[in-house]
Amino acid sequence: MYHTVQDQPELTANTLDMGISTARFESQMKILARDYDPVTVDDVLAFLNGVGRLPRRPVAVTFDDGFADNAEIAAPIMERCGIRGAFYLTVGLIGTQDFPWYCRLRYAFRTTKRTEWRGLNGSLRGFGNPSDRESALQQAWDYCAALVGTECAKTVATVEKELAVMPLQSNIMMSWDQARRLRRAGHIVGSHTVWHPNLAYLPGEDALRELSESKKRLEEELSAPVLHFSYPHAALERHWTEKTVELSAQAGYQTATTTLSGPVVAGDSPLALRRIQPAEQEYRFRGVIDCTLCGLPNRFPSWAASPS
Ligand SMILES: [Zn+2]
């Protein structure tokens, strides 16, 4: 489960904060190509449906959110290594200059010059030290993740205004041309909703709209069926339930990935697939995958939870 690959991820710590460097990513893809058996989410689906077998050391590569670097940096490296991945797009942001709302909040709380803020529940919060800011950010994430898109957008804009931070604008998200190119190159392009809410916290009809509208838009833009989905915003646990699994099936998806850590095993629901976070250092990267393939607990914990 990757999100973003950049030459210098430390430069975007106040916005993305979940990147891996290009050099490390390239070395990880070479390891997968040489020492493991790269498969796709389609292969995993065929295995779970009992119509396909998996090789001995199968690993599927996925990317959440739809950042432009996925198409510009990650995909060409994967293609040179013979790996085809799954890219789950936050559909409402594709082809726009906008940042995901949770990145905007991260930027606002980490860079504001304001020393206090009246929180979303009305209590006054001081920003005396970095941990105060992080705790306010966490509160704002949890609050906004449970809102429908229009309400979330309004709330984030209000927070930016209160914290006197200009909204971020740049070509950080993928364009539709880039998404189409990924598909043509043999990658899977799936949905990560329209707006990146936590579906488990939305009323059923709003959750279904996020699932269906993102699928429809992707299918129109890609001129192809879209069968794969990834549940957003795991920071507010939990981010999927039996109800969201039912809704994703109703919307017509055949697989859905979660951020629950672990392997996919026979008998799992294709609509609640486990994944693992790639650790940065090589021995940890191999360790996490090897533990997972052997069904052992992960002894190589990697990154802290972020609202992926
Ligand atoms: Zn995400």
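Keep in mind that what you see is a predicted model, and the values were worked out from it rather than measured.

What counts, and at which threshold
- Residues numbered from 1 in each chain as written.
- Predicted model: local features only at pLDDT ≥ 70, side-chain atom pairs only at ≥ 80, totals over all residues.
- Helix = DSSP H or I, 4+ residues; strand = E, 2+ residues; numbered from the N terminus.
- Expected span 1.5 Å × (residues − 1).
- Buried ≥ 20, exposed ≤ 12 C-beta atoms within 10 Å, placed from the backbone.
- Arc of directions from axis to C-beta.
- Contact = placed C-beta atoms within 7 Å.
- Domains from an automatic or database assignment.
- Nonpolar A, V, L, I, M, F, W, Y, C, P; charged D, E, K, R; others polar.

Novice: Would you mind showing me how to read helix H1 (residues 22-35) here?
Specialist: Each α-helix winds once per 3.6 residues, and so residues spaced three or four apart point in a common direction. Relative to the 20 Å expected for 14 residues at 1.5 Å per residue, H1 spans 20 Å between its end C-alpha atoms, a close match to the ideal helical length. When H1 is considered as a whole, its buried residues turn out to be Phe25, Gln28, Met29 and Leu32. Buried residues of H1 fall within an arc of 100° about the axis and therefore sit on the same side. Exposed and oriented more than 90 degrees from the buried face of H1 are Ala23, Arg34 and Asp35. Contacts from the buried residues of H1 go to strand S1 (4-6), strand S2 (19-21), strand S3 (37-39), strand S4 (58-60), helix H3 (68-80) and helix H10 (282-293).

Novice: Teacher, can you tell me more about the environment of Glu246 here?
Specialist: By secondary structure assignment, the location of Glu246 is in helix H9 (residues 242-251). Each C-alpha atom of the pair Glu246 and Leu208 lies 9.7 Å from the other, and the pair is 38 residues apart in sequence.

Novice: How do you make sense of the domain arrangement of the chain when you look at a structure like this?
Specialist: When the parts come together, some accessible area is lost, and that loss is often what is quoted as the size of the interface. Taken domain by domain, the chain consists of domain 1 (4-97 + 173-293) and domain 2 (101-162). When each unit is reduced to the centre of its C-alpha atoms, the spacing between domain 1 and domain 2 is 27 Å. With 16 residues of domain 1 at the interface, the matching set in domain 2 holds 15 residues. Per-class residue counts for the side of domain 1 that touches domain 2 are eight nonpolar, six polar and two charged.

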